[in-house]
Each structure stands twice: as structure tokens, then as C-alpha cells.
Amino acid sequence: MRSYLAARIAQLVLTFFVILTLVFFLFRLGLPDPTSALITEGLSQEDIQRTRERFGLDLPVWQQYFVFLGNLFTGELGTSFHYRAPVGFIVVDRLLNTLAMMLPAILLAYTLGPALGVQLTWKRGRGIERGGITLGLILRSAPVFWTGMLAIFVFGVGLGILPTSGMRTLPYEASGFFDKILTLDFLRHLILPMLVVAAYYIALPMLIMRNTMLEVIGDDFIEFCRARGFSEARTMYRHAARNALLPVVTQAAVTTGLAVGGQIVVEVVFSWPGLGREMFQAVQTSDYPMAQATFIFMAGMILVLNFLVDLVYGRLDPRVADASVRS
Amino acid sequence: MSTWLRSIWRAIRADGLALTGLGLLLGIITIAAAAPLLAPHDPNEINERVEGVALLYDGASWGEPEIVADQPLNAATLLDDAGGVAVGEAGRIAVLADEEWEDAAPVTDASLVGLDADSSTVIAVGAEGTAVHGQVASAPEEWEVQGLDTDAVLRDVSVAGDEAALAVGDDGTVAAWDATHGWELLDSGVDAHLRGVRLTGPGEGVVVGEQGTVLAYADGALDPVPNVTFRDLLGVDVADDGTVLLVGERGTILRHPPVTETGGELSEGGALGAWEEMRSPESRVYEDVRFLGGADTALALGERGIAVGLEDGVWERVDTGYSRSLLGMGSADGRVLAVGTEPYQNELAAPSADHWFGTTHLGRDIFSQTIWGSRTALLVGGLAALMVTLIGTNIGLIAGYFKGRTGGLLMRFVDVMYALPLEAFALILVLIFRPSLLIVILAIGLVTWRTTARLIRAQVLSLAERPFVKAARVAGASDWRILYVHIMPNVLPLVFLQLAVAMAFAITAEATLSFLGLGPPGVYSWGGILHEARLSGAWRVAWWWIIPPGIMIMITVVAVFFIARALEVLSNPRLATKS
Amino acid sequence: MRTRLLGLLALLAALMMIAVACAPAEQEDEPADADEAVEETDEEEDDEDVADEDVEVETFAEIDLLTTTEGYDPIRYEAAFMIEETWGELGVDVNVEPTEFSTLIETFYDQQDFDAVVAGWSGRVDRLDPQHFLGTLHGGQTDLGGNNPGQFVDADYDELFELQRAEPDLEQRVEYVQDMQAIAGEEVPVNVLFYRDEVVAYNNENFEDFVEMAGEALYNEWTPYEVTPVGDETDLTIGTPEEPDTINPLDSTTVWGWKFMRMYYDKLIRLSPDAEPEAWAAESWDAPDDTTWEITLRDDMTFHDGEPVTVDDVKFTYDYYLEQEFGYFMPFIEMIEETEVVDDETVRFHLDSPFGPFPNVTLAQIPILPEHIWADIDEPQDLAPEDIPTVGSGPMEFESYDIGEYQSLVVFDDHFTAEDFDIERMELIIYADAEGVFTGLQTQEIDMTAWRLEPGQIPQAEDEDFLTVVNAPDFGYYHLTFNLDVEPFDDPEVRRALSHAIDKDQIVDVLLDGRGEPGTSVIAPSNPTWHNPDTATFEFDMDQARQILSDAGYYD
């Protein structure tokens, strides 16, 4: 087991390194020179040169690459061209903001979803099962930016009862992250984006739960429970569901990893100051350090959570992979 | 292959939802294929409407805009008996009598641009030097067309005391009329297009025109007023006490005090040297201006229904309840008749028989855009899914069969792909290579084959141990033959399932990229329609703009999901027996 | 390298190309629909009658027309497609390429690798002086990265440019400037497409008496002074989708940084709402000769930390900016040879060459920095955000700046203008986009917008009784720049013909709802001192466009 762990960690580090390299060169070679955006404001050639030196852009790309790796090793992510401030602090702040929206949404989806899945199995063969599946698939088909716009249209513009933009009402003096989110005002801002994301996520745990339950139900011990005279509800929730939960939990971990970078559009629609929106902006303005850092954080989250799933599961069971297909 | 298709069909037929899904998908494919036939409008066309509208102001409030002619109306005048006349394009003459409008039969084809009336005479002027003379009391059908000796468009006319009139027009054209001599062209001494004229008596008045042209008129002679403004002047009025108001482009309003106060004559250009530039609340084009009673109250109107009223020396916006171009106006006793409108873009129209899903902020037909959007969705969805399946299946097959170094290397590659945030990576690819249909397809296709590869590999791993593979190997079949002839048919159900799943993902991904403004430019796509709606800011009022494309995405994706469910049963028969 | 990356994809591309070619989803390629809108106007029909669709301008290669993405600026994006359509009617093949803004700027200015570009210059107070905009056509700025990427070089124009720069007499300078516009208008190296009104809104239930300035709309230096509270609210809250790049006065290169900083720094001269120079920290100024300017400093000023503002601070500031070679300000100060302290209240600037607009352009731009704080900072650009000094002597005092969220200022009670304020604080809420700003306006979270409303939002704002919509003309302009090094744009006849084939009225009417003006000169009509109203206008006239091309031998 220990050697397996060591191998897995080595593999993790290697994968991470490949992604770092990929991202670094993709941005350098693909995006326009970041100083060009400044020229509209009438910078002289000498000044452009100075700016380039200041951000280390005058070095050959391969040298920049080693500087980048070296800095990364010491936890230094560079200075954002746009904010003229260290990237690390901003990225961590944005990451927390994203999590503040995604985690409640995932929590909601992964408590409500499996419960609904159990209900569907219970009512199998009836119209309600069919209706549940259909509704679940419809929720999963509706693009989040569209449901987000509808939600804003109805609750924000139409009824005017919920804020539709940002994560708090300004001006606001907050000393730390928890000050920021432990307020009623934050909750009001959270409701719409959270519900939109949860509605999108809920179908997957529901359907996984149902599918796994269907397999479990046939097993002998369920028959045994019935023979013992347990109520249907007890059979379903206490015994069948418990055995079907593992794939759902696994899927929850995978979803969490993806969610960090996966919902740029929700952050855009709700003007949520999260990691995805920051990355979108950074790439558009050729803010390499910022774009790299956001991307590295996203990839890192996915890698770490997938790694944990792997650890729990030993080797990836094909069926678990199957479940992650639709994420 | 055909046996597989048959078993897919059987699986779909057995499942009501899958059948529904297939029906929906075929419907969308039909829509996409027949898009040019189904779309009633060019999706890119800025739809315009043309109508002649009249609005009445009774001294206190504005009435409802009324469509009184099928062509734009350019000029109007109010008569003393509460009646009114308006003239417009293609010789339209509309008459207001007893509060009822009548669209009279045209007496000329030429567009009529200017109109004025005194107690008994009414004169309209227009294109190709046309002048139409009539009696207020007679029906428009009896009015008489007179041709002036010019091809220029006459833009305005002013009638004084039934015996004299002055008309002005393009290229400095000025023509005077009197009851005895008829029309006679005058030399204005300018080339600018002249746009407005007002007579204060039979032989005295003011003419205005483009590039700030102002001319004082006196008994057949025109005297230029120097250095008024460089703005185009489109309308002029003179109050009873001699105060002059000029209006024009870019919210230009100029006032001149009565020349009698400064001891000059209105007819001397040099006397008009004390123009006051008034502060305008609007920056758009004023077409015309009228004093309402005294020299202290006035009303100016123009492009896009803008109207401003003068009260206590200050101009304030007036809400006419109309937002299309007002081109001409007439006034009497403090009442105003305003008419318009040029061909206007039919923007943000709610759904109607003409535009089933309404129009965008630029007057484009949303129904047609939605229809065309289905092509992009299916094209990108289909091709990207095909690419994903092609790459994913082959990598999965190879990695699963050649377990050693090749397989390991391939799977490490898959691991790297797994760590990439999908949406973010596709977005970066599109940004780097400039959005185009091809790049969008490639970006989606290149990042999503990983799951297919992993799943296929897992199945191949277990299949490779099965006896028939061993038998084939014993029989001397080559690796590639075993892989593609013996193993592949067994993973095909999974391949088809993955194809469906990939297609659903690709359609959503395309919509997402387009929504972020990274869609292929110049191509309509559902996500792109939503992008434009959000960008314009108008989606907050135009519900018809955001609902159709979203529903179409949802229907298409859910149809594919429904089909995928049946395919899932096919690839994993255990599911079928249990439910 | 980029091409190599692309090359890797070529294999897959080939397959896809075939598929794409088989299913043309691009609507531009579609012929106009059969059942055309019934309401076709006479004029349009005329056009089509004359339009000989078979005529192709054989000698033209396809023209790539670069523009912004729809997301960056929907107006420029749509305008490019409108131009594509009318040029197409002339038989000129146009390929519109919507490009990400930073890429566009790089291609246009740094690489000069373009045929024609739809771009824009923003109006900023220092650009009211014609120096900058005229400079964009100056032969000396054609280098890579320069402001004249279209490569327009005209000896007469360049000579006039030097003359006007040195001319101290206003009337004479106006004449030079107008002559330059006439040349540029006739040669059309740049076709000025339109000037777009800045349409902003404010909440009339909280404040009134806003000041409107061309190019700056309401978020200008004077609004905080002039606004009067209607109710109890004395904090003026402004919503903005843009924020300072930094609040380091030796690093900020955007208008959003300076719009904020100029409230807490003083300048020697301030420009009035009509852009006339007004005495500020300088009581008076004078030019004893062509190359010398002398100012007298007020004696009642202190910095926010209590230190007095002295002539030494003034000298230090100008020396410091020159020594640091701060690029953003170099065009304003590079002609200063020496700054001399004459006595306790007089500073003299010695210039190396005559510079007429010195008070308007230079003295009205440079903030006075406290010497006692900055003197010890050798590498000001390396300051960490939290170390950036925010001590000025301006009418307002810096209070806070939270990146991405919030900025605020309070009135400085010891300033010589403190009496003029009716408000106590000014704060800016930073939103993600125009959407967010508009929501803030509707929910009364903010009192005014710092940046323009989108066309679709304007009618909604007008419908709200508590909002007043303001149209401020801009003297910045949107333009189509031809690359004169590329055939056929080297031929002025072609440029003129194509200029006749741009329906600017339609762009303004349809895309801007009439809130703007078709363009003529690089010096806008809303800058009446310098604008030349007789600049060639090139009315939209397809027949004339064809005629010119035909006369020049482009049609067979």
C-alpha cells in the first residue's frame, strides 16, 4: 500500500508539472504581449521596454520559464500586470469566494439529490419515477447561464426581492473572509447563484443513487430485510441507500474538484468575484501571472480531490468512472 | 454494423423517453436542415417598419400616436377650424376633420416634404420641384399640382396671407410665389441645402439650412446672416414679437431677440447678430420648432420622438409617448400636430405575427436567429462529439490492449487531461486561436475525449482476458486484428453511449463559449443570441429574447440525454432487468 | 511558434474543414431572403437598381477588416459588419475579423500587420488640446508601436504640426490646426466614423446640480463641488465598471487611476468645465518669453498630513517625474529643460522649445507630490500596493481603496475650496460590468454612473422617474484606419471611394439610437475651438463611390 501511495504521489507531482509547463507555454506563445494593452494610453517605446524589464518579459521565454518554476517553488506566483499587486493573495481570495458559492450548492445538491433518488427507486415503475427522471434530465440540460438569467429576470428584475450581482452590498468593511460571509446580506446574495448551480448539479446524484439502488435492491440482504418484516421506508433508507451511497460520495468529491473552475458562466452572470471570472479576465488582458495562478489552482483542486477519491477507492472502479462521465 | 443499429433502434423503441428524445432530435435536425426555408427573415437583417404617424397636443396633454397613412409623413399644419393636414412620402396627403383622419388619394407620386396653410390657401412642396396648391375648404383630390422649374427637392414652404409664399430646398433653391405671378425661382447666393423657412409677412422672413446657413428674406432678395453656427439648421419659427428660434442637428437651439429691439430689420442679415445658444436637454436632431402663443413658450421635436418645451427661458424634455422620428409639425392656438416617421428599425418588438419571437434591440428577427442557431449547435455538437469519440475510443482501445509501456504512457496522458478544468481550458484555446467555427469544435473536441478513453480502456481490459480473445490469438491473429475485429464490436454499445454523452456536452459547451462571447463570429448560435441579449442590457425587458434560445438548448440536450439512457441500457444490460 | 501550434492541428483541421464547408451555417453567405420585407423604401430600391452586382473590383485582394469582439464593444463590431456590406456592394471583398482587444491593439500598433482597422481614441481632458489627436497622423509617429500605424506621411501636414506646436498665439494656432484637418479630411488616411455621446444617469432624488463635461460626462473634477444633496444623504456614491490600474502616481497609466487620484492631489492649474485653464495651486501664470513659463504658488495650502505645500514641492515633483521618466507624463513634460525656484512663491519652467499649450496640457496634468514623502523613494514603480503613499494636498482626502470593490474619499477641510462642497464624502463602487452598474442604479445603491450606459439600458433609465439621463458629447472618436502601405489603400482615390460607401448615418441612428454624430475630423465638433467644420464629409453615396473607382480605373 505504501509503495502504491508513493507511486500515486509521484504521478500527481508529475502531472502537476506537465500542466504547469503546458499552461506557461500556452500563454506565452498564444496570448498577445501584455504591454500592448498599455499603448493606447500613449506609452513611448522606451517605456514599453522598461515595463517589459520590470515584469521580466525581456528575458527569453525559456529563462522566464525557469524563473517561473523557481518562484513557484518558493510559493511566489508573481505580480499581476493588471492589479500591480502580488497574485497569490488575490487568487486565494477569489478561490474562497468561489468555494463560498459552490460548496453550499454542492452540499444542497448532494443531500437532496440522493434522497430524491431513493424516492424514485421506491416509486419505481410508476409515473412519478418517469417524471422525476425527466425533470432531472431537463435540469441538467438547461445551461446554467440561461437558468441564471431567468432567475435574475424573475427574482431580481421582476419581483425585485433578491440581489442579482456580487456577493455583498457595498460599501462594506470586512476584516476577514469569515466576516464577509457570515452575514445575512451575503446569504441574500448567495441564494440565486447557489440555487441555479444546485439545480444543475442535483440530477447526477439523484440518477446515480437510483441506478445503484436498483442494483442493490435485487441483492439477497434486501430480501432478507423484507423477510424480517422491516417497513419499506426502513429498508430503503437504512439499508439499501447506505449501500448505494459510495458512488454518490465519490461523485461529490469529483464534482467539487471540477466546480472550482467549472462554473465561469455562473460567476459572470451573477458578477460573482470568483476564480473563474478572474481567470476569464486575466486571459483576455494577457495578465500571464494571474491567468497562470488561477489555472494552477483549478488544476490543483481537481488533482488533489481526484487523488483523494483514488485513495479511498484503491483503483478507479470502471463504474465510478462511468459516473463521472457526465460531469 | 447494421445489427448494432438495429439493436440501438430496439433499445430506443423499448423506452418511451428515448423515443421522445429521438423525435425531438430529428425535429431539430429538420429545423437545421431547412433553416433557410423556415426562417421568415434574414437573421441579420435590421427589420424596418414604415408608417405615417400623427400625434396631437391639445395644449395640455399628448394624445395617442395614431397611424394615419401607410407612408412616412413629413410635414403637417393645423387649421383654424381644429382640422389639420399632413403630407408625406409618395404624395401622401392625410386630412384631419372632426377628429377623424382620412388618408386621401394622392394627386402626385412625388414625395411631399413641406407644407403650410393660411386661412384659405394650402401649399405642399416636395421632390423634383413639385408644389401642390389647394383650398383649405376643398377636398385634397381637387388640389392642383404645379411643377417648378427645378429638379431639386423642396424642403419647406411658408404661406403668408393667402397671396404670397416662399419655398426652399436643396442646393440653395429658393422660390417665391404670389397669387398673380405664380412661382418664380430666386437666387439665394448659397449652395447649401435649405431646410426651413418662415414668413412673417408677404415679403419678409427667415430661411435656414445646412452648415449653419441663415438667410434674411425681403421682397425677393436674400441676405446671408454671417457666423451663426456650423451646425445644420432644420427648423425655424418667428414669434409675433419678432423673436426667432432656430433648431437643428445635435440638439442645436438658437434664439434671437426681436430685431425691433435692436433697431434693425428682420430683412437685414446684418441685423441678426445677437444669437443666444440655448442649453438643450437633448443631443439628437431637432427637425422643427414652433412657438405656442407668445414668445416665451415653444416646442421643438425631432428624431426618435424627442420633444422639448420652452418654459421660463429653459428647455425641458417633454414626454410625447412616442419614440420614432417626428419630422414635421404645425401649431395653432397653442395646439400642436406632430407627424413622422421615417422607416424605422422595429427594435425590441414583442412577439407578433410578423416576428413570432419578437425582435432584438437592433430590430433583428429572433425567430429566424433561433432557427439558424440550430445549425451551429448541431454542427459543433455533432463534429466535436465525433472527434471526441474517435480519439477517445482509439486511445482507450490501444491503452487497454497494450497494457505495458504504451498503455501506461497513454493513461498518464489521460491523467493530465483529467486535471484540466474543461471549461477554462476550452476557453483559453479559443481565446488564443481567435474564435472561429473550426477552433470552437477543436477546443471542445480536444479536451473532452478523456472520459471516453478511460471507459473504453476499462472495458477492453476485461474483454482482453475473455476466451474468444485468447482463441483468436491462438489462431494467429495479429494484435491489430484482435483489437479492431474481435474486441471493438464488443465495446461499440459503450462507444455509442459516449457519442451521445459527448454530443450533449459539446452542445452545452458551444453555447457556453458563445455566451461568453467566444463563439464563432458572424454565425448565429443559441448561446450567442443570449450573449447579445445580455450585452445590450435590453434582456431585462425583452423576455422574448432570452426564452427561445435557452429552451432550444434545453430541448436538444435533453433529447440526446433521453437517447443516451436507452444506449446506457444497451451497454449495461443489468440496468434493464432491474427497472 | 503560434503557426507551429496551428500546424499541429492542421491534420484534424483538414477533416473538419470539409465538414464545415459542406454545411455553411454562416448567415452572411446566405442570399437575402426571398420574401423580403415589403416595406422597402424608394431610396434602397434606387440603390439596388444602380448596383451592378456583377461588377467585381478585380484588382483588389480581399481586405481584412479588424474590429473588436462583440463582447468588448458591440457598436464597433456591428459597424464593421455594416461596412463589410456596403463595401461588398462595390465589389470589394471584406473579411471582418473580430479580435480580442489586446490582440487587436498588438496587431494594429505593435506589429502594424493589418489592412484596415475599426478602432477608437477616447476623449480625455488633456486631449481637448489638438496636439495628441493631430499627432496620430504625424509622419514622426509611424514607427512600430507609434500612434500612426496607418503610415500617413504628408509633408505639408507635418510642417503645420510643428508650426502649431510652437505657436503661442491662439488664433494663429487655430488656423494651422484647421488647415491640418482639411488635409487629413481630403486625404482620408483615417476615416472618422462617429463620435459617441456619453450617456450617463444620476439619481435626482438624492442629488442635483451635476456638472456635465464633454468627454467626461458626470464623473469629472467639478461634479463633487457642484452637486447639492436633495435629501439628507451627503455621501455621493458613484458606480463604475472600471477601476484604477493602481493608485501609484508614478505607475498609473489609465484614465481610471487619474480620475480618482486627481481628487486628492492638486495641480497648478485646473481646467474649467469648458476646458479653460483656471488658477488652482498656482495663483497666476505667465509666459515672459516663448520658452519660459512662470507660476505664482498660493500660500495657504497644506498636505493632508499637515505639512505646508511649498515651491520646493512643485520643483521636486516636476524633477522627480522627469528623473523617473514616467512614460505616461513624458509627452507633457519632456520639453522642460529646467525647473527653477525663484522665490518663496514663484517657480519658473525653462523649456527647450516653444510649447504653446503648456498651461492646459502640462500644468493642468501634473499632480503636486509631497517632497517629504517621495524624496526617499528611489524605485516608486516597485512599491507594494499597501506602501503606496496617498498623501496629497487636494480638495479631498484619500480614505480607502479595496481592489475590485470600493474606493472612497472625504472632503479635506483645510483646502482652500473646502467651503464649496455640499457633500462630505465621495465613494465609488466597482462593479463587474455595465450590467451590475445599471442594477445598482435601479436599486438606488448608487447616485450616478461613472461610465456610459449601454444603448439597451437607456430607455429603461428614462422610464424611471428618479433617474435623470444625461447626454454628454464626446470628443474622442471611433475611426477606420487604412494601412497606407497596403494596396489598394495607398491610392487616396480608393480611400475616398470607400469613404463614400460607409453609411455613417445608419451607424449612428441604428447602433447608437441617434446619440452621437457621424464623424468628419479627428478634432470633434464638440471641441468647437479647434474643430474645422469644413472638413470633407464624404456623404454616403454609393453611386459616387462607384464613379470614383471607375474613374480611377478600378472597374473594367
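Structure: see above.
Residues numbered from 1 in each chain as written. Chains lettered and ligands numbered in written order. Predicted model: local features only at pLDDT ≥ 70, side-chain atom pairs only at ≥ 80, totals over all residues. Heavy atoms only, no water.

Right, let's talk about the interface of chain C and chain B for a bit. Between chain C and chain B, the residue contacts involve 66 residues of the former and 56 residues of the latter. Both sides of the chain C and chain B interface together cover about 5,200 Å² of buried area, and 54% of this is carbon and sulfur. Ionic pairing is found between Asp197 of chain C and Arg250 of chain B, a salt bridge with its closest N-O pair at 2.8 Å. The greatest single-element share of the side of chain C that touches chain B, amounting to 10 residues, is contributed by helix 1 (residues 2–22) of chain C. A per-class count over the side of chain C that touches chain B returns 26 nonpolar, 17 polar and 23 charged. (Contact = heavy atoms within 4.5 Å. Buried area = accessible area lost by both parts, 1.4 Å probe. Salt bridge = Lys/Arg side-chain N within 4 Å of Asp/Glu carboxyl O. Helix = DSSP H or I, 4+ residues; strand = E, 2+ residues; numbered from the N terminus. Nonpolar A, V, L, I, M, F, W, Y, C, P; charged D, E, K, R; others polar.)

This part takes up the interface of chain B and chain A. Between chain B and chain A, the contact holds 51 residues from the first and 55 residues from the second. Together chain B and chain A conceal approximately 5,000 Å² of surface at their shared face, both sides included; 76% is due to carbon and sulfur atoms. Where chain B touches chain A, the interface holds 5 residue pairs in polar contact (both at pLDDT 80 or more). Elements that contribute at least two residues to the side of chain B that touches chain A include exactly helix 2 (16–33), helix 6 (405–418), helix 7 (422–432), helix 8 (437–463), helix 10 (479–515), helix 11 (526–536), helix 12 (543–571) and helix 13 (574–578) of chain B. Examining the composition of the side of chain B that touches chain A, we find that 13 residues originate from one element, helix 12 of chain B, more than from any other. Along the lines of polarity and charge, the residues of the side of chain B that touches chain A split into 34 nonpolar, 6 polar and 11 charged. (Polar contact = N/O pair within 3.5 Å; in protein donor to acceptor, adjacent residues only side chain to side chain.)

All names here are of chain C. Within the element layout of this structure, Met335 appears in the loop between helix 11 (330–333) and strand 13 (336–343). For the pair Met335 and Leu322, spaced 13 residues apart in sequence, the C-alpha separation works out to 10.0 Å. Residues contacting Met335, with those up to four places away along its chain left out, are Arg165, His350, Leu351, Asp352, Ser353, Phe355, Phe358 and Thr362.

Residue and element names in this part refer to chain B. If you trace the 4 strands from one edge of the open sheet to the other, you get 16-17-18-19, paired in antiparallel fashion. If you trace the sheet from one side to the other, it starts and ends with strand 16 (194–201) and strand 19 (221–224), each paired once. Taken pair by pair, the neighbouring strands of this sheet meet at an average axis angle of 25 degrees, ignoring direction. (Pairing = 2+ DSSP bridges. Axes fitted to C-alpha atoms, helices over the stretch in contact; angles between N-to-C directions.)

What follows deals with the pairing of strand 8 (residues 235–240) of chain C. Taken across its 6 residues, strand 8 of chain C has 6 buried, putting it largely inside the fold. Residue alternation in strand 8 of chain C divides its side chains into two sets, Asp235, Thr237 and Gly239 of chain C and Leu236, Ile238 and Thr240 of chain C, and both sets are buried. (Buried < 20%, exposed > 50% of the residue type's maximum accessible area, 1.4 Å probe, protein only.)

Residue and element names in this part refer to chain B. Here we have 4 strands laid out as an open sheet, ordered 8-9-10-11, and antiparallel in their pairing. Looking along the sheet, the strands with just one partner apiece sit at the ends: strand 8 (112–117) and strand 11 (144–147). Strand-to-strand twist in this sheet, taken as the mean axis angle between neighbours without regard to direction, amounts to 20 degrees. The pairing of strand 10 (residues 130–135) with strand 11 spans 4 bridges and is antiparallel. Bridge pairing in strand 11 links Val132 to Val145.

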